[in-house]
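Spelled out, the chains give:
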Amino acid sequence: MRITLGVTGGVAAYKAAELVRRLQQDAFTVQVVMTRGAREFITPLTFAALSGQKVITDLFAESSGEANLESAIEHIAVAQRTDLLLVAPATADILAKFARGIADDFLTTLYLASTAPVVVAPAMNVNMWNHAATQENVEMLRARGVKIVDPDEGYLACGVTGAGRLAGQEAIVAAVHEALRAVRDLAGEKVLVTAGPTRENVDPVRYLTNRSSGKMGYAVAEAAARRGAHVILVSGPTSLEAPVGVERVDVRSAEEMHRAVVEKVAECSIAIFAAAVADYRPADTNAQKIKRNNEAMSISLEPTPDILASVARNKGERLIVGFAAETDHVAENARKKLAAKNADLMVANDVTAEGAGFDHDTNIVTLFARDGRDLALPRMSKSEVAQHILDEVVRLRSTSRTAHRSAV
Ligand code: C5P
C-alpha cells in the first residue's frame, strides 16, 4: 500500500520524520511531498533518507530554469499511485486551500487530482485552530469525507497551552488504517456495472442512441474497484478509458449488452445498472443503406430486453441497483420503478436539472432504498455520487446479511 505523506510548514514538521518510520513498520511505502513552508523547518534530505524515495517539492522543476513538463504532470502519476493521502502536520493555510480547491503547488494540486481517501492531522497555534475560518474549512473537509485527526491539547511551541498540538503518532496511524479499512469494504465482492448508451442499427450507417456519456457508470466502476471489488464493466460505446484494474467488456446494442450481462452476472454478488439502454430498436434492420426519396417514412420499433428487470427477476442473494433518469415526478417514478423492477436501490435524477444528468461531470440524485430509506444528495461530482451509492450498497448488504443470519 502506498501512502503519500504531505508535510506542511509548521514546527511539528519534524514529527513527520518519525511518522515515516512508523508507517513503514506497518508495511506502507511512503512518498513524501513537502510544501515550501515545510522546507523552512526541515530539509527534504531527511525524508529522502528515511523513505528511500525522492521527495517531491515543486510543481515545476526549476533545474533548467524552465517549466518541466515531466514534473508538471507528475502529480497525476503520483495521484494514481496513491492509496491514501495523509497530511501531517497540516497548517491552517493548507486546510483553507484544500477546502477551497486552490491548487498552487504540488500538494494542493495532488489533493485535487487524487480520488484516494484523505487523512489530515492539523497542528497550529490555538487561536488559529479555533478561528471561525479554520473551523469552517475543517467542517467543509469533514463533510467531503476527509478524515480529520483532531489536534491534542497541550503546551504549544508559541508558548501557550491549548488545542493545536499535532495528534500523537498512534492516533494518526489508527486514522490511516481506519480510512483504508472503510474504503476496502468491497474486498472479495464481484461487481457488475453497466454503463454508457447503446446503439440500435437502422441500417449499416444509421443508428438510434441517446445522450449518455457513460461518466456515471465509469465513476461507479472506478469507486468499486478502489474499494476492493473485482469489477466487470459492460460498456456501450463511450469515449472514456477503462478505470485501472477494471475488466471491461465492450458492447454496442441492447441485445449485445444483455448477452454480456447474462454471461457475467452469475459470478457477481452486486449488479449496478447505470447504462442508458435504448428501450426500443428498429424492428427490422436494413442490410443496405436506406435510400432517400421525397416521401415521408416511418420506422417500426420493438422493445429491447429490459436487462435489469430480467436479472432482478431471479436475483437470489444478489444486490441490484438501478438508475432512473426522469424528467418529472422523480420520487414517485423512482419508487415505482424500484418495486416494478425488483431492485434494491434506485438512483434517481431529474435529467432536466442544471448540473445533472447526461454528459455532466456533476449530478444531483436521490437514492431510494428497498428498506424505505431516501437519501437526497446535493449537487456533487459523479465520483462522489458513486461513493454514496456504494455506501448504500454496503449498508443494504450488511442489513440483509444480519437478517439472513438471524433467520437461520
Ligand atoms: O425503465 P427505465 O429505462 O427508465 O429503467 C432504467 C434502469 O433500467 C437503468 O438502471 C437501466 O440501466 C436499466 N435498463 C436496462 N435495460 C433496458 C432499459 C433499462 O437494464 N432495456
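Turning next to the sheet that holds strand 4 (residues 118-122). One open sheet accounts for five strands, arranged 2-1-3-4-5; its pairing is parallel. Edge positions in the sheet fall to strand 2 (29-34) and strand 5 (147-148), since each of these pairs with one other strand and no more. Alignment of strand 3 (residues 84-90) against strand 4, held across four bridges, turns out to be parallel. Within strand 4, the position partnered with Leu86 by the bridge is Val119.

Quick look at the packing of helix 1 (residues 13-25) against helix 10 (residues 169-183) now. Following both chains from N to C, one finds helix 1 and helix 10 inclined at 50°, their axes separated by 11 Å at the closest point. Between helix 1 and helix 10, the angle is such that the two are oblique. Where helix 1 crosses over helix 10, the two elements pack in a sense that is right-handed. Residues Glu18, Leu19, Arg22 and Leu23 of helix 1 form the contact with helix 10, whose own contacting residues are Gln169, Glu170, Ile172 and Val173. The residue inventory of the contact of helix 1 with helix 10, partitioned by class, reads four nonpolar, one polar and three charged.

For the rest of this paragraph, the subject is helix 9 (residues 132-143). In an α-helix there are 3.6 residues to a turn, and that puts residues three or four apart on one side. Under the 1.5 Å per step criterion, the end-to-end length of helix 9 is 16 Å for twelve residues, consistent within 8% with the ideal 16 Å. Looking only at helix 9, the buried set comprises Thr134, Asn137, Val138 and Leu141. The arc that holds every buried residue of helix 9, seen down its axis, measures 100°, which confines them to one face. Turned more than 90 degrees away from the buried face of helix 9 sit Ala132 and Ala143, all of them exposed. Those residues of helix 9 hidden inside the fold are in contact with helix 6 (92-100), helix 7 (106-113), helix 8 (126-130) and strand 5.

Further remarks concern the domain arrangement of the chain. As assigned here, the chain comprises domain 1 (2-184) and domain 2 (190-282 + 300-407). With centres defined by C-alpha atoms, the gap from domain 1 to domain 2 works out at 36 Å. Taken together, the contact pairs seven residues of domain 1 with six residues of domain 2. Summed over both sides, the interface of domain 1 with domain 2 buries roughly 560 Å², with 34% coming from carbon and sulfur. Counting the surface domain 1 buries against domain 2, the share from its top three residues, Thr115, Val183 and Arg184, is 67%. Counting every contact that joins domain 1 to domain 2 gives zero salt bridges. In this structure, the connection of domain 1 to domain 2 is made through two residue pairs in polar contact (both at pLDDT 80 or more). Taken together, the residues that form the side of domain 1 that touches domain 2 break down as three nonpolar, two polar and two charged.

Within the structure shown, the criterion is met by one aromatic pair. Measuring from centroid to centroid gives 4.1 Å for Phe98 and Tyr111, while their planes differ by 10°, and the two rings are stacked. In this pair, Phe98 sits in helix 6 while Tyr111 sits in helix 7, placing the two residues 13 residues apart along the sequence.

Below, the discussion takes up the environment of Ala77. As for its position among the elements, Ala77 is in helix 5 (residues 74-81). Put simply, Ala77 and Ser114 are 37 residues apart on the chain and 9.6 Å apart in space, counted from C-alpha to C-alpha.

Under the defined criterion, the tally for this structure stands at 26 salt bridges. In this structure, Arg206 and Asp203 form a salt bridge, with 2.5 Å as the shortest nitrogen-oxygen distance. Looking at Asp203, the relative accessible area reads 1%, which means it is buried. Between Lys215 and Asp361 there is a salt bridge, with its nearest N and O atoms 3.1 Å apart. Linking Lys215 in helix 11 (residues 215-226) with Asp361 in the loop between strand 17 (345-350) and strand 18 (362-363), this pair joins segments that are 146 residues apart in sequence. The exposure class assigned to Lys215 is partly exposed, which follows from its relative accessible area of 24%. The class of Asp361 is exposed, set by a relative accessible area of 54%. Salt bridges here are not isolated pairs; linked through shared partners, they connect Asp371, Arg373, Glu392 and Arg395.

Conventions and cut-offs
- Residues numbered from 1 in each chain as written.
- Predicted model: local features only at pLDDT ≥ 70, side-chain atom pairs only at ≥ 80, totals over all residues.
- Heavy atoms only, no water.
- Pairing = 2+ DSSP bridges.
- Helix = DSSP H or I, 4+ residues; strand = E, 2+ residues; numbered from the N terminus.
- Axes fitted to C-alpha atoms, helices over the stretch in contact; angles between N-to-C directions.
- Parallel < 35°, antiparallel > 145°, perpendicular 65-115°, else oblique.
- Left-handed = near helix turned anticlockwise from the far one by under 90°.
- Contact = heavy atoms within 4.5 Å.
- Nonpolar A, V, L, I, M, F, W, Y, C, P; charged D, E, K, R; others polar.
- Expected span 1.5 Å × (residues − 1).
- Buried < 20%, exposed > 50% of the residue type's maximum accessible area, 1.4 Å probe, protein only.
- Arc of directions from axis to C-beta.
- Domains from an automatic or database assignment.
- Buried area = accessible area lost by both parts, 1.4 Å probe.
- Salt bridge = Lys/Arg side-chain N within 4 Å of Asp/Glu carboxyl O.
- Polar contact = N/O pair within 3.5 Å; in protein donor to acceptor, adjacent residues only side chain to side chain.
- Phe/Tyr/Trp six-rings, centres within 6.5 Å; stacked < 30°, edge-to-face > 60°.

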